[in-house]
Amino acid sequence: MRRTAFRTWRLEGSSVEPCRGGVPLSDRGFRYGEHFFESLAVRDGKILLIGEHLANLSEAASASGWPFPKTIRTAFRSFCASVRLPDGMLRIYLTAGAGAPGAPVTRPECYLAWEETRFPSEVDLSKGITLVTLKHPVVGDGWGVKSGNYLPHLEALRAARVGGADEGIVLDELGRVVSCAMGNLLVWLPSRRGPLLCTPSRGARSGAVLGWVRQHTGVTDRLLRLADLRRAVALAVTNSRLGVMPVASLDGKALTDTSPARSLAIAYLRSHGLLRGA
């Protein structure tokens, strides 16, 4: 079995240097999962949506009372402008650094990791992915935060795979749609004026690709339930690896018209110069 390529770096002062010693065991990001992260797609030599990902990371840090120094933003942008990476996922981690449990985070550390990744082909986009509705609801407001405590998302993805699907839709304890296990959900509902594009208001995470969708379409936030999904014209999942991925079926039932999702997926690729022949 071929080993997946993997590279790491660490922010040292105002520059990004190769990380040869790993994350110190004293770092609370390792010990307690006290870190936030963003995942950036690297495709055809381009690192996508850098500004959007930095904004999301800054928002997560601010919500927890962490500083997010300008030196980190500057160093990361400089790194992205100078490095040449093959296709893969580049992750930026903001950790709490050393300190006692519960102590204020005053000097966060920053690490980067690149991992070789296969992205969906145009054939994959035409085929779409399969979704299932997951049985176990999420409880509380922590779902969707990209932090070291990501186990519920992984368990949801595993449950979907065990159920024979590519991804799973997560509901809350009141039966409201939250999101997918590893991404946001786009829903096209039937209306007199044509399909209405919306995303669940209950749990949409701060996703960079969803941010792109908001900028380029008339998507609205809406409280959705399973009955809404079952009457949907089309569905799509968004995250940095998938981009905008059309859904072929939900709970074993084929979607009636996947063209709205396919059109948006193509528009996303074209906007980043990733569409062959474009």
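Peer 1: For this particular structure, what's the right way to read helix α6 (residues 208-216)?
Peer 2: Residues spaced three or four apart along an α-helix face the same direction, because each turn holds 3.6 residues. Within α6, burial applies to A208, V209, L210, W212 and V213. Where the residues of α6 are buried, they touch α2 (50-63), β10 (184-189), β11 (196-200), β13 (234-239), β14 (243-250) and α8 (259-271).

Peer 1: Help me understand α2, please; the structure alone is not making it clear to me.
Peer 2: Between its terminal C-alpha atoms α2 stretches 20 Å, which fits the 20 Å expected from 14 residues at 1.5 Å a residue. Within α2, burial applies to I50, H53, L54, N56, L57, S58 and A61. Residues of α2 that are buried in the fold lie against β3 (35-43), β4 (46-47), α3 (70-82), β5 (88-95) and α6. Looking one or two residues past α2, G65 carries a phi angle of roughly 80°, positive in sign.

Peer 1: Would you explain the nonpolar core in this entry?
Peer 2: For soluble globular proteins, nonpolar side chains are generally found buried alongside one another. By size, the foremost hydrophobic cluster in this structure holds 47 residues, and its most contacted members are L131 and L186. Once residues within four sequence positions are removed from consideration, L186 is found in contact with L197, C198, T199, L210, V213, V219, A234, L235, A236, T238, V244 and L264. Core analysis: the second largest hydrophobic core is formed by 28 residues, L40, L57, C80 and L112 among them.

Peer 1: Could you clarify how one ought to interpret the sheet that holds strand β2 (residues 15-18) in this entry?
Peer 2: Sheet strands pair by backbone hydrogen bonding; their relative direction is either parallel or antiparallel. If you walk across this open sheet you meet the six strands as β2-β1-β6-β5-β3-β4, and the pairing is antiparallel. Two strands lie at the open edges of the sheet, namely β2 and β4, each paired on one side alone. Against the sheet, α2 touches β3, β4 and β5, its axis set at about 175° to β3. Along the sheet, α3 contacts β1 (6-12), β2, β3, β4, β5 and β6 (109-116); its crossing angle with β5, the most-contacted strand, is approximately 165°.

Peer 1: Before we go on, may I ask you to explain the packing of α6 against α8 in this structure?
Peer 2: Relative to each other, α6 and α8 sit at 100°, their axes nearing to 11 Å. Classified by the angle their axes make, α6 and α8 are roughly perpendicular. Residues V209, W212 and V213 of α6 pack against L264, A267, Y268 and S271 of α8. In the contact of α6 with α8, the residues fall into six nonpolar, one polar and no charged.

Thresholds applied
- Residues numbered from 1 in each chain as written.
- Predicted model: local features only at pLDDT ≥ 70, side-chain atom pairs only at ≥ 80, totals over all residues.
- Heavy atoms only, no water.
- Buried < 20%, exposed > 50% of the residue type's maximum accessible area, 1.4 Å probe, protein only.
- Helix = DSSP H or I, 4+ residues; strand = E, 2+ residues; numbered from the N terminus.
- Contact = heavy atoms within 4.5 Å.
- Expected span 1.5 Å × (residues − 1).
- Core = buried A, V, L, I, M, F, W, Y, C linked by side-chain atoms within 4.5 Å.
- Pairing = 2+ DSSP bridges.
- Axes fitted to C-alpha atoms, helices over the stretch in contact; angles between N-to-C directions.
- Parallel < 35°, antiparallel > 145°, perpendicular 65-115°, else oblique.
- Nonpolar A, V, L, I, M, F, W, Y, C, P; charged D, E, K, R; others polar.

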